[in-house]
Amino acid sequence: MALLLFRLLIIVLIIYIFYKAVRFLTDPKRKLDEAYEKGQYYFYDDVKNVRKNFFISYKDALFEGEKYLGTTDDAFEVVSIFVWVHDPMKLQGLTKEDFLFLEKEIQMNYPNAKINWKNPIEQLMKER
């Protein structure tokens, strides 16, 4: 009887470890951290939750966007987004085209939103 319980415990432990490994490998926050370390593009967002900010890793810089809900002609949607960079020193080497690319990517998820950049990006984008 004890041997049977021990085998059952081992099977449950193996299933639990496998479950945790799969959850770890598919975690979007881990993917964001990995993309940030490698300087790659990654968009991390919970589109269904307006209260949660989104994060974008792009060319060694980490951007954060704050969403604001408002009304459109026929629904409540995200109508305003403020985006800033965590470390302004990481902006070195980024061009206006890079920020236009980021705006386009944000607009794909939030087509009715007006995107506002915080300083120092705001000054660069005003020169359109």
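This text goes with the structure placed above it.
Quick summary incoming for the structure in this document. (Residues numbered from 1 in each chain as written. Predicted model: local features only at pLDDT ≥ 70, side-chain atom pairs only at ≥ 80, totals over all residues. Heavy atoms only, no water.)

### Some words on the pairing of strand S5 (residues 114-117)
- By the bridge criterion, four bridges tie strand S4 (residues 76-85) to S5 in an arrangement that is parallel. The partner of Ile81 across the bridge, within S5, is Ile115.
- In this fold, S4 hands off to helix H3 (residues 96-109), which returns the chain to S5; that crossover is right-handed. (Pairing = 2+ DSSP bridges. Helix = DSSP H or I, 4+ residues; strand = E, 2+ residues; numbered from the N terminus. Right-handed = clockwise from strand over helix to strand, strands pointing away.)

### So, the packing of aromatic side chains
- Applying the stated criterion across every chain, the model contains 10 aromatic pairs.
- Ring centres of Phe63 and Trp117 lie 6.2 Å apart, and the angle between their planes is 80°; this geometry places the pair in the edge-to-face category. Placement of Phe63 in strand S3 (residues 61-71) and of Trp117 in strand S5 is noted, with a sequence separation of 54 residues between them. There is no split in this pair, since Phe63 and Trp117 are both buried.
- Over the ring of Phe55 we find Lys29, and its NZ or CZ is 4.6 Å from the ring centre.
- If you follow Lys118 out to its NZ or CZ, it ends over the ring of Trp84, 4.5 Å from the centre. (Phe/Tyr/Trp six-rings, centres within 6.5 Å; stacked < 30°, edge-to-face > 60°. Buried < 20%, exposed > 50% of the residue type's maximum accessible area, 1.4 Å probe, protein only. Lys NZ or Arg CZ within 6 Å of the ring centre and 35° of its normal.)

### Structural notes on the sheet that holds strand S1 (residues 42-44)
- The strand order across the open sheet formed by five strands is S1-S2-S3-S4-S5, and the pairing between neighbours is mixed. In this open sheet, the two edge strands, each paired with only one partner strand, are S1 and S5. Each adjacent strand pair in this sheet contributes to an overall mean axis angle of 20°, direction not counted. (Axes fitted to C-alpha atoms, helices over the stretch in contact; angles between N-to-C directions.)

### Some remarks on a nonpolar patch on the surface
- Taken together, the side chains of Met1, Leu4, Leu5, Leu8 and Val12 define a hydrophobic patch exposed on the protein surface, amounting to about 580 Å² of accessible area.
- One can find Val12 in helix H1 (residues 2-25). (Patch = residues over 30% accessible without salt bridge, like charges linked within 9 Å, V, L, I, M, F, W, Y side chains within 5 Å. Areas by Shrake-Rupley, 256 points an atom, 1.4 Å probe, with all protein chains shown as cover. Salt bridge = Lys/Arg side-chain N within 4 Å of Asp/Glu carboxyl O.)

### Describing the nonpolar core
- Judged by nonpolar contacts, the single largest core of 21 residues is most densely connected at Phe63, Phe99, Ile106 and Trp117.
- At the level of elements, strand S2 (54-58), S3, S4, H3, S5 and helix H4 (121-125) are the ones that each hand at least two residues to this core.
- Per-element tally for this core: the top contributor is S4, with four residues. (Core = buried A, V, L, I, M, F, W, Y, C linked by side-chain atoms within 4.5 Å.)

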